[in-house]
Amino acid sequence: MLIQAFFVTVLLLDVVATAVQEKPNFSGEWTLNRPASALSPGADAVQTGVVRIEHREPMFRYKATLTSGGSPFEYEYELVSDGREVEGTQQGRPTVSSLRWDGDALVFTGRIQRPDAEVKISFRYELLENGRRLRGVEQVRGSGRDQDNVWIFERR
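Residues numbered from 1 in each chain as written. Predicted model: local features only at pLDDT ≥ 70, side-chain atom pairs only at ≥ 80, totals over all residues. Heavy atoms only, no water.

**Quick notes on the pattern of salt bridges**
A full pass over the atoms with the stated rule returns 14 salt bridges. Here glutamate 29 makes a salt bridge to arginine 52, at a shortest N to O gap of 2.8 Å. In this pair, glutamate 29 is assigned in strand β1 (residues 28-32) and arginine 52 in strand β2 (residues 46-56), connecting sequence segments 23 residues apart. For arginine 52, a relative accessible area of 39% translates into the label partly exposed. Measuring nitrogen to oxygen at the nearest pair gives 3.0 Å for the salt bridge that ties glutamate 126 to arginine 135. Three or more residues are tied together by salt bridges with common partners; here these are Glu54, Arg56, Arg61 and Glu78. (Salt bridge = Lys/Arg side-chain N within 4 Å of Asp/Glu carboxyl O. Helix = DSSP H or I, 4+ residues; strand = E, 2+ residues; numbered from the N terminus. Buried < 20%, exposed > 50% of the residue type's maximum accessible area, 1.4 Å probe, protein only.)

Right, dumping it as structure tokens:
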């Protein structure tokens, strides 16, 4: 009986410890490591990039400036990490976005309705090398713009 109580206690402590583990904090300023990234045609024209993340769980604010051919392209979003879908607009087009945890990774999914098709975008954000690197695995589908990219950023 004592042994059973011990194993039940150990099991409960393990469940509690797993439940209270803190999620990674992605906050910081990140610089694109272009040579370490693997980009599809189209995205491979990006030469430099800076990402700024403000992450106070559950709020996640993301702002990126990518430069291609000397011209900057900026985009940003703000979501909570509860997986709830949020409707909005981007350049006058309807969008639906969400952000959720998958283990220690944050997964962004979005849909943009364009005149010719719906574009689906997903990003899986992970911290690597004790938080010194940010990896964003991107998948874009729709409107003839299918891409699979791996973006690597270094903490500034």
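The rest of the description comes next.
**A look at the sheet that holds strand β7 (residues 105-113)**
Overall, antiparallel pairing links the ten strands, which are arranged β4-β3-β2-β1-β10-β9-β8-β7-β6-β5 in an open sheet. Each edge of the open sheet is held by one strand with a lone partner, namely β4 (71-80) and β5 (86-90). Direction aside, the axes of adjacent strands within the sheet are offset by 25 degrees on average. Relative to strand β9 (residues 133-141), strand β8 (residues 118-128) runs antiparallel, the two being bridged by nine bridges. When the bridges of β9 are listed, lysine 120 appears paired with arginine 141. (Pairing = 2+ DSSP bridges. Axes fitted to C-alpha atoms, helices over the stretch in contact; angles between N-to-C directions.)

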